[in-house]
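Observations on the three-dimensional arrangement
Here are the chains, one letter per residue:
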Amino acid sequence: QVQLVESGGGLVQTGGSLNLSCAASGITFSSSRIGWYRQVLGKRRELVADITGGGMTNYGGSVKGRFTISRDNAKNTVYLQMNSLKPEDTTVYYCSAYNNGYTYWGQGTQVTVSS
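Residues numbered from 1 in each chain as written. Predicted model: local features only at pLDDT ≥ 70, side-chain atom pairs only at ≥ 80, totals over all residues. Heavy atoms only, no water.

A word on the state of the cysteines
Here is the rule we go by: Cysteine sulfur pairs qualify as disulfides if the two atoms are within 2.5 Å. The numbering of helices and of strands both runs from the N terminus, where a helix is a DSSP run of H or I of at least 4 residues and a strand a run of E of at least 2. Summary of the burial criterion: residues with accessible area below 20% of their type's maximum are buried, those above 50% are exposed, and those between are partly exposed, where the area comes from a 1.4 Å probe applied to protein chains only.
In this structure the tally under the stated criterion is 1 disulfide. Each sulfur of the disulfide joining Cys 22 and Cys 95 lies 2.0 Å from the other. When the S-S torsion is -75°, as for the bridge of Cys 22 with Cys 95, the disulfide is left-handed. Here Cys 95 lies in strand S9 (residues 91-99) and Cys 22 lies in strand S3 (residues 18-25), a separation of 73 residues in the sequence. The same class applies to Cys 22 as to Cys 95, namely buried.

Here it is, written out as structure tokens:
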């Protein structure tokens with residue numbers, strides 16, 4: 001059974017930082033593409049960032065230069081370092097894993113940025 005457990009969300013002031021973690025189990029982690037997505041109420045779920053098993057990264061336009069995704073295959077964990085946070089970054093962040101034609105989702109972690 002595949003499990004993705006997100007952590008690290010919380011409340012931070014504008015300009016602050018948070019580091020999200022996504023711990024995976026039940027999946028061949030090193031060959032999986034792992035991504036962070038977010039969905040603001042009334043809008044479509046959007047890609048924040050993703051990273052391939054080989055470490056290639058891709059970022060959504062609104063977070064480029066502020067967020068950094070990384071992975072530790074020895075710990076089956078992907079991280080999202082979020083800097084220079086803005087109130088519009090407030091929402092639930094979801095971890096996603098893609099492997100062998102299947103996509104799995106975590107339960108999400110809330111990020112709130114106060115102005």
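There's plenty left to go through after this.
So, the pairing of strand S8 (residues 77-82)
Inclusion rule: For two strands to pair, DSSP has to find at least two bridges joining them.
As judged from the 6 bridges shared by S3 and S8, these two strands associate in the antiparallel manner. When the sheet's bridge partners are listed, Ser 21 is paired in S8 with Tyr 79. Of the pairings in the sheet, the one linking strand S7 (residues 67-72) to S8 comprises 6 bridges and is antiparallel in character. Directly across from Arg 71, in S8, lies its bridge partner Val 78. Where S7 folds back on S8, the antiparallel hairpin that results is connected by 4 residues, among which Asn 76 adopts a positive phi of roughly 50°.

Quick word on unusual backbone geometry
Within the chain, Asn 76 stands out as a residue other than glycine whose phi angle is a positive 50°. Note that Asn 76 resides in the loop between S7 and S8. With a phi angle near 50°, Ser 84 is a residue other than glycine that sits in the positive phi range. Within the secondary structure layout, Ser 84 lies in the loop between S8 and S9.

Description of the pattern of salt bridges
Under the convention used in this document: A pair is scored as a salt bridge if a Lys or Arg side-chain nitrogen falls within 4 Å of a carboxyl oxygen belonging to Asp or Glu.
Considering all chains together, one arrives at 4 salt bridges under this definition. The partner of Asp 89 in a salt bridge is Arg 38, and the shortest N-O contact between them spans 2.9 Å. Highlighted residues: Asp 89 in the loop between S8 and S9 and Arg 38 in strand S4 (residues 33-39), separated in sequence by 51 residues. Given the relative accessible area of 5%, Arg 38 is considered buried. In this structure, the salt-bridge partner of Asp 89 is Arg 66, at a minimum N-O distance of 2.8 Å.

Overview of the pairing of strand S10 (residues 102-105)
Summarising the sheet, S9 and S10 pair through 4 bridges and their orientation is antiparallel. Along S10, the bridge assignment pairs Ser 96 with Trp 105. Counting the residues in the hairpin turn of S9 and S10 gives 2 residues, including Asn 100, whose phi is positive at 55°.

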